[in-house]
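Breakdown of the fold
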Protein chains: 2
Amino acid sequence: MSKLTIKDIAREAGVSTATISRVLNNSGYVSQDVKQQVLEVIRKFNYQPNAIARSLKQEKSRSIGIVLPDMTNPYFMKIARAIQHRCFQEGYHLLFVDTEENPDKEREALDFLTEKRIEALILAGTGANRDQIQAISDSGIHVILIDRRFSNLKLDTVTEDNIYAAKSAIEFLLEKNHQQIGMIHGPQSISTAKERKQGATLALQEAGITLTPELVFEGDYSRESGIAAIRHFCELPERPTAIFSTNNEMTFGIYLGLQEMGIPLDSIEIVSFGNLEFSSLFEHQLTVIMQNPQELGDTAGDLLIRRLSGGEEVEAPQNRILMPRLIQLSP
Amino acid sequence: MSKLTIKDIAREAGVSTATISRVLNNSGYVSQDVKQQVLEVIRKFNYQPNAIARSLKQEKSRSIGIVLPDMTNPYFMKIARAIQHRCFQEGYHLLFVDTEENPDKEREALDFLTEKRIEALILAGTGANRDQIQAISDSGIHVILIDRRFSNLKLDTVTEDNIYAAKSAIEFLLEKNHQQIGMIHGPQSISTAKERKQGATLALQEAGITLTPELVFEGDYSRESGIAAIRHFCELPERPTAIFSTNNEMTFGIYLGLQEMGIPLDSIEIVSFGNLEFSSLFEHQLTVIMQNPQELGDTAGDLLIRRLSGGEEVEAPQNRILMPRLIQLSP
DNA sequence: TTGTAGGCGTTATCAA
DNA sequence: TTGATAACGCCTACAA
């Protein structure tokens, strides 16, 4: 029942373990005859080398930690899949952890991963655990922050330009002569949410428009907060004619809210971050900021492999920034 | 830069490595004084034991392999999350692999995982690699098939009752007096797709209705095949008045197809497997077979932990079957 | 209560 | 071209 070891194979093939190892790794010299014979025995007994022992000996885990805030969110999983592709190609594998946006779980996850001796860490963080992350980087583990980043931390990042995208979104609405633009933001502990708010605010400032506090709703990236935003906006003397929403879940909530209040969906113009595929199925005015998780994952994967296989020359931290595109879905 | 070992800590604390190990594992005797002192040193140097070495010594990886056909599909990831919860609680962790429905990738994944000495395998398979999976089970690794199963394989399974659900779906449409029911099925290599087709066929038979081949469209669980189905149905002399779709992606395709053909979405009644959250946003007649990935994950997690911590008594394979519910979303 | 030492399954160095 | 053998970092009899 218990697994065969290299010794069993060596005995069976009548050679030393060293020879088996050489065959396994295509390293050193080994005559064709012996090689064939050894391969035969390996196949016959379906021997599989113990990756744990190999890792210990080589002092290389060949594993990469990836820490995400929500494994059920396809956005993050598309990033993860792209990275996994690249890693498998190069003989690495991923250790996933889902923090569910919980800083405590994140801390535990990071401890767990360092004990597992990951060679690199890919992180879309909760916003907490700065010091621990810095320490991991200092200890020689390559760290790449994806989607979300920390200010003043000298680490590799691959992110989208949220400020620019949010700014464009507001400018788009201003060009269409909207005077009352409602906004719904995400948790300000998350860098993307903060930057989207910054970008939107910046666009209004540049247009010389003073921010009306009643038109700014602080949501939490959840569907419920989208509904809540609509309830709030409907209580205002002057309802917004357009809404800028900083993620797709909240936008879905907005539609649900409008429906709940009996307001026609096409009576309000919406610009939203994220994918809203279903939107083509009904009449309304929607523009989305299309993100590109696959490109983000590919970029992070390339950077990762470069860091892992790169020589000793310590490069400066890389900051790759992708540009989301504004896509108008309705005329 | 390189990590500290138990020896370093032993030297630093002026005790033997055995003592350090005892402190780390709360095993054996160790005086309070020494224990405190050791903990102090561990904290001071931020020592983290090497999980790889520990695994090798204990001949326990404490890792569970989980193989899924699509990591970007929230259905599977909700299952995975539930399992991960349970595993972390018990000190195990998950090794994820996404096969992208590719049997070759699946085979590679299984090899990879067995080399990593997983203690259990959770699998939503492509339908191939039967022998390899059986061999894994025979070698003493607990195997639990989720969502999809193999006929005639004596393994634990946690699945949904697809036959029953599909049968109910058709019965529901028959009760509403639909005479022309179109069906779109998934790839018959996947057990769920096959069972859904079986269930639907069974319901028609029991109602004494002969199957019209033109009304049965063989799709592949993709959005495109949903569109293709509509194009096909529209070419028939007599269009179906209702459609039974065996997954949500194809149903989305159906809506897109209807829109493309200029057919009002509410002119055709649909029953579909899977979640279609957006559906409440427009007028149409939709009934869904609501699946419960979290319950499936919880069930699999419980079974898994029982297998892992269960004594030597070999229990017969368990087959847990969950009942999906038919939910009418429109009057 | 603590320490010594052997071994988990590999790989890699050195001889032969 | 092959074989002995010493690690890798940890745990655990067994001694002390």
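Residues numbered from 1 in each chain as written. Chains lettered and ligands numbered in written order. Predicted model: local features only at pLDDT ≥ 70, side-chain atom pairs only at ≥ 80, totals over all residues. Heavy atoms only, no water.

Some remarks on the interface of chain A and chain B
Cut-off, in case you're wondering: When checking whether two residues touch, look at their non-hydrogen atoms; a contact exists if any pair is within 4.5 Å. Summed over both partners, the accessible area (1.4 Å probe) lost when two parts come together is defined as the buried area. Salt bridge, as used here, is a side-chain nitrogen of Lys or Arg placed within 4 Å of a carboxyl oxygen of Asp or Glu. Elements are defined by DSSP. Helices are runs of H or I of four residues or more, strands are runs of E of two residues or more, and each kind is numbered from the N terminus.
Contacts between the two partners involve 50 residues from chain A, matched on the other side by 50 residues from chain B. Between chain A and chain B, roughly 4800 Å² of surface is buried when both sides are summed, and carbon and sulfur atoms account for 60% of that area. The largest contributions to the chain A side of the interface with chain B come from I52, R117 and L281 of chain A, which together make up 15% of the buried area. Ionic pairing is found between E277 of chain A and R223 of chain B, a salt bridge with its closest N-O pair at 2.9 Å. In terms of residue count, helix α5 (residues 74-89) of chain A provides more of the side of chain A that touches chain B than any other element does, 8 residues in total.

With respect to the nonpolar core
So the rule is basically this: Put simply, buried Ala, Val, Leu, Ile, Met, Phe, Trp, Tyr and Cys residues joined by side-chain atoms within 4.5 Å make one nonpolar core. Only protein chains enter the accessibility calculation, which uses a 1.4 Å probe; a residue whose area is less than 20% of its type maximum is buried, one above 50% is exposed, and one in between is partly exposed.
One finds Y255, L258 and F278 of chain A together with Y255, L258 and F278 of chain B to be the most contacted residues of the largest nonpolar core, which totals 54 residues. Among the secondary structure elements, those contributing two or more residues to this core are α10 (223-234), α11 (248-260) and β10 (285-290) of chain A together with α10 (223-234), α11 (248-261) and β10 (285-290) of chain B. If you tally residues by element for this core, the top one is α11 of chain B, at 6 residues. The next biggest cluster of nonpolar side chains, apart from the first, holds 52 residues, and it includes Y75, M77, Y92 and L322 of chain B.

Comments concerning the pairing of strand β2 (residues 93-98) of chain B
Regular strands place side chains that alternate from one sheet face to the opposite one. Residue and element names in this part refer to chain B. How we decide: Pairing between two strands requires that DSSP report at least two bridges joining them. Here the term right-handed applies to a crossover when the path leading from its first strand over the helix to its second strand runs clockwise, the strands being oriented away from the viewer.
Of all 6 residues making up β2, 6 are buried, and the element is well covered by its neighbours. In β2, alternate side chains face the same way, and those of H93, L95 and V97 on one face and L94, F96 and D98 on the other are all buried. With 6 bridges joining them, strand β1 (residues 63-68) and β2 adopt parallel strand pairing. Looking at the pairing, L68 lines up with D98 of β2. For the crossover that starts at β1, traverses helix α5 (residues 74-89) and ends in the parallel β2, the hand is right-handed.

So, the protein's contact with DNA strand D
Here is the rule we go by: Note on terminology: near, applied to a residue and a molecule or strand, indicates that one of the residue's heavy atoms is within 4 Å of it. Polar contacts, as used here, are pairs of N or O atoms within 3.5 Å; protein pairs need one atom able to donate a hydrogen and one able to accept it. Residues neighboring in sequence count only if both atoms are side-chain atoms.
Around DNA strand D lies a shell of 25 residues, among which T19 and V34 of chain A together with I6, Y47 and R54 of chain B are the nearest. Among the atoms of DNA strand D lying within 4 Å of the protein, the sugar-phosphate backbone contributes 67%. At 3.3 Å, a side-chain N or O of K57 of chain B approaches a base oxygen of DNA strand D. Every element with two or more residues in the surface near DNA strand D is listed here: α2 (17-25) and α4 (51-58) of chain A together with α2 (17-25) and α4 (51-58) of chain B.

Some details on the UniProt feature "domain: HTH lacI-type" (unreviewed entry) in chain A
To be explicit about the condition: UniProt positions are given in the numbering used here, feature names are shortened, and annotations may be inferred rather than shown by experiment.
If you check UniProt for "domain: HTH lacI-type" (unreviewed entry), the listed places come out as residues 4-58 of chain A in our numbering. What you have in residues 4-58 of chain A is 71% helix and 0% strand, and the ends, taken at the C-alpha atoms, are 20 Å apart.

Looking at the relation of the copies chain A and chain B
Stated precisely, the cut-off is as follows: All copies are superposed by least squares; the fitting set is the C-alpha atoms of residues with a pLDDT of at least 70 in both.
Screw-axis analysis of chain A against chain B gives a translation of 0.0 Å along the axis, an RMSD of 0.1 Å, and a rotation angle of 180 degrees. Given the turn and translation reported, the copies of this chain are related as if by a two-fold rotation axis. When the interface residues of chain A are mapped onto chain B, 100% of them are again interface residues, pointing to one common binding face.

Overview of the packing of α2 of chain B against helix α3 (residues 32-45) of chain B
Residue and element names in this part refer to chain B. Applicable threshold: A fitted line through C-alpha atoms serves as each axis, taken over the contacting stretch for helices, and the angle formed by two N-to-C directions is quoted from 0 to 180°. Oblique is the label for every angle not falling under 35 degrees (roughly parallel), over 145 degrees (roughly antiparallel), or within 65 to 115 degrees (roughly perpendicular). We call Asp, Glu, Lys and Arg charged. Ala, Val, Leu, Ile, Met, Phe, Trp, Tyr, Cys and Pro are nonpolar, and the rest, Gly among them, are polar.
At their nearest, the axes of α2 and α3 sit 10 Å apart, and the two run at 85 degrees to each other. When the axes of α2 and α3 are compared, the pair comes out roughly perpendicular. Listed contacts from α3 to T19, I20, V23 and L24 of α2 are V34, K35, V38, L39 and I42. Grouping the amino acids of the contact of α2 with α3 by side-chain chemistry returns 7 nonpolar, 1 polar and 1 charged.

A look at the environment of S31 of chain A
Following the sequence through the fold, S31 of chain A ends up in the loop between α2 and α3 (32-45). It is 27 Å that separates the C-alpha atoms of S31 of chain A and G91 of chain A, two residues lying 60 residues apart in sequence.

Comments concerning a nonpolar patch on the surface
So the rule is basically this: Candidate patch residues must exceed 30% relative accessible area and have no salt bridge, after which like charges are joined if within 9 Å and Val, Leu, Ile, Met, Phe, Trp or Tyr side chains if within 5 Å. Only the protein chains shown count as cover for residues, and all accessible areas are computed by the Shrake-Rupley method using a 1.4 Å probe.
Together, Y164, I321 and M323 of chain A give the surface a local cluster of nonpolar side chains, amounting to about 310 Å² of exposed area. In this fold, I321 of chain A is placed in strand β11 (residues 319-322).

Concerning the sheet that holds strand β4 (residues 142-146) of chain A
Residue and element names in this part refer to chain A. Taken in spatial order, the 6 strands of this open sheet run β2-β1-β3-β4-β5-β11, and their pairing is parallel. For this open sheet the edge positions go to β2 (93-98) and β11, each flanked by a neighbour on one side alone. For this sheet, the mean inter-axis angle between neighbouring strands, taken without regard to orientation, is 15 degrees. Bridging between strand β3 (residues 120-123) and β4 involves 4 bridges; their strand directions are parallel. In the sheet register, L123 faces β4, and the bridge partner there is L145. On the sheet, α5 packs against β1 (63-68), β2, β3, β4 and β5 (156-160) and is oriented at approximately 160 degrees with respect to β2. Strand contacts of helix α6 (residues 103-115): β1, β2 and β3, with the helix running at about 180 degrees to β1, the strand carrying the most contacts.

Focus on the protein's contact with DNA strand C
In the vicinity of DNA strand C, 25 residues are found, and the nearest of them are I6, Y47, R54 and K57 of chain A together with V34 of chain B. Among the atoms of DNA strand C close to the protein, meaning within 4 Å, 64% are from sugar or phosphate groups. T19 of chain B is positioned with one of its side-chain polar atoms (N or O) 2.8 Å from a phosphate oxygen of DNA strand C. Measuring from a phosphate oxygen of DNA strand C, one finds a backbone N or O atom of S31 of chain B at 2.8 Å. Of all the secondary structure elements, the ones that give two or more residues to the surface near DNA strand C are α1 (6-13), α2 and α4 of chain A together with α2 and α4 of chain B. The dominant element in the surface near DNA strand C, judged by the number of residues it contributes, is α4 of chain A, at 4 residues. Residues that form the surface near DNA strand C fall into these classes: 11 nonpolar, 8 polar and 6 charged.

Section: unusual backbone geometry
Residues and elements named next belong to chain A. The phi angle at E100 is positive, at roughly 50 degrees, despite the residue not being glycine. Position of E100 among the secondary structure elements: in the loop between β2 and α6. What makes E100 partly exposed here is its relative accessible area of 29%.

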